[in-house]
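A look at the structure
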Amino acid sequence: MGIRPAAPPLLLHDVIDDLGAVERLLVEQAPNTPLGGWYSPESDLGAATRPLWFQDDWVHDTFHAPGSELFLHHPGYVEAAKRFSGAEVVVPTSVYVNVMTAITEGGPAHTDNPRFLGRDRTNTPMWVLRAMLWSGLFHDHEVHQVTAIWWMNDVEGGALRYWPDGPDRAPVDHDTAMANTALVGDNHTMFHQVGPIGPFGSGTLRVTPRAEFAPIGDGSGDWAVTDRGAEVLRAPLHDVRVSVLWKADVWASAEELEARAGDTLSMVDVARTFDADLVERGAAVRFDLDRLDDPVLKAALAEVYPEAVPIGAFASAFG
Ligand SMILES: [Fe+2]
């Protein structure tokens, strides 16, 4: 049971030649909106619950921001992904940006959400995908991904804490000279966490899910967080933690990709595999496809297949 171990990540230096191009991308793709989803599922749009952690997609299935090729097809990333994973085939899939400031605690210590052949967040509840990962029952169908995290600048705080030797061993911090470096590894099995980010004088500021982070556009180069019609914070972009994430699917070879890509899991397959294991364990719960929205089922599966909790994590601003 459990997740497969990840190899320690690779640290790259001097990753992006044209930093001005990144800044232009940031300006063109603004505004950024608060991180939500898995870590902040509450739906009260009027409540100031979100820390100043903003996100924007630059590349996904149906969208490519002009200029995002700078990251998507970065030759250094493709080469590092091959070196890290031993894979011959690297298929970049997504690029997104995190813009963060004034978070006195850290982000959540976590592993990224997994995908499996035939099952991803478009057709399967996230808790099911995570139970699939942590059960260890679906390794053969997991789509292996490599992630690169790139940092634009050095700011007050903003370390990346990660657990290269597994959640039970001491973490490592990447916390100095982070500007224009990238960490390339398997964030789907290696725990990682954003550390506290300054400025620290006012504590963790919080906004509603409708807040925006965007350039002021007055020629000063400043950006501002606005929420409910008011300016919450104003800062030069270079004082704000900017990181850009890149993900790629990796396949051992073109033959493997061809042979495995069609081997997709249905929800019935998923239920059958879970139930066989639950019977073997003597667990009372069954994976009932009619109860996927039932928190009781989710909790019961989480008890049988618990996620690890890494040692030595920062407190999280996400609760
Ligand atoms: Fe992550």
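Definitions and limits used
Residues numbered from 1 in each chain as written. Predicted model: local features only at pLDDT ≥ 70, side-chain atom pairs only at ≥ 80, totals over all residues. Heavy atoms only, no water. Helix = DSSP H or I, 4+ residues; strand = E, 2+ residues; numbered from the N terminus. Contact = heavy atoms within 4.5 Å. Buried < 20%, exposed > 50% of the residue type's maximum accessible area, 1.4 Å probe, protein only. Arc of directions from axis to C-beta. Pairing = 2+ DSSP bridges. Axes fitted to C-alpha atoms, helices over the stretch in contact; angles between N-to-C directions.

**Thoughts on the side chain of Asn187**
- Along the polypeptide, Asn187 turns up in the loop between strand S10 (182–185) and strand S11 (192–194).
- Residues contacting Asn187, with those up to four places away along its chain left out, are Thr111, Asp112, Thr147, Ile149 and His192.

**Let's talk about helix H3 (residues 75–85)**
- Regarding H3, the residues found buried are Tyr77, Ala80, Ala81 and Phe84. Mapping the buried residues of H3 onto a view down its axis gives an arc of 105°, with all of them on the same face.
- Gly86 sits one or two positions beyond H3 and adopts a positive phi of about 75°.

**Some details on the sheet that holds strand S14 (residues 222–227)**
- The three strands lie next to each other as S13-S14-S15, forming an open sheet whose pairing is antiparallel. The strands lining the two open edges of the sheet, one partner per strand, are strand S13 (212–215) and strand S15 (230–236). Between one strand axis and the next, the sheet turns by 25° as a mean value, whatever way the strands run.

**Points about the sheet that holds S11**
- With antiparallel pairing, the three strands of this open sheet are ordered in space as S9-S8-S11. On the outer flanks of this sheet lie strand S9 (172–174) and S11, each paired with one strand and no other. Adjacent strand axes in the sheet meet at a mean angle of 20° when their direction is disregarded.
- Two elements, strand S8 (residues 160–162) and S11, share three bridges in a ladder whose sense is antiparallel. Along S11, the bridge assignment pairs Tyr162 with His192.

**With respect to the pairing of S14**
- In terms of burial, S14 is largely enclosed, as five of its six residues are buried.
- Where S13 and S14 come together, four bridges link them in antiparallel fashion. The partner of Phe213 across the bridge, within S14, is Val225.
- Hairpin connection from S13 to S14: six residues lie between these consecutive antiparallel strands, with Gly217 at a positive phi of about 80°.
- Direction of pairing for S14 relative to S15: antiparallel, over a ladder of six bridges. Counterpart to Ala224 in the pairing with S15 is Arg234.

**As for the environment of Ala230**
- Among the secondary structure elements, Ala230 is positioned in strand S15.
- Ala230 gets classed as partly exposed once you look at its relative accessible area, which sits at 38%.
- As a C-alpha pair, Ala230 and Asp44 span 186 residues in sequence and 19 Å in three-dimensional space.

Everything listed is a geometric property; what it means functionally is a separate question.
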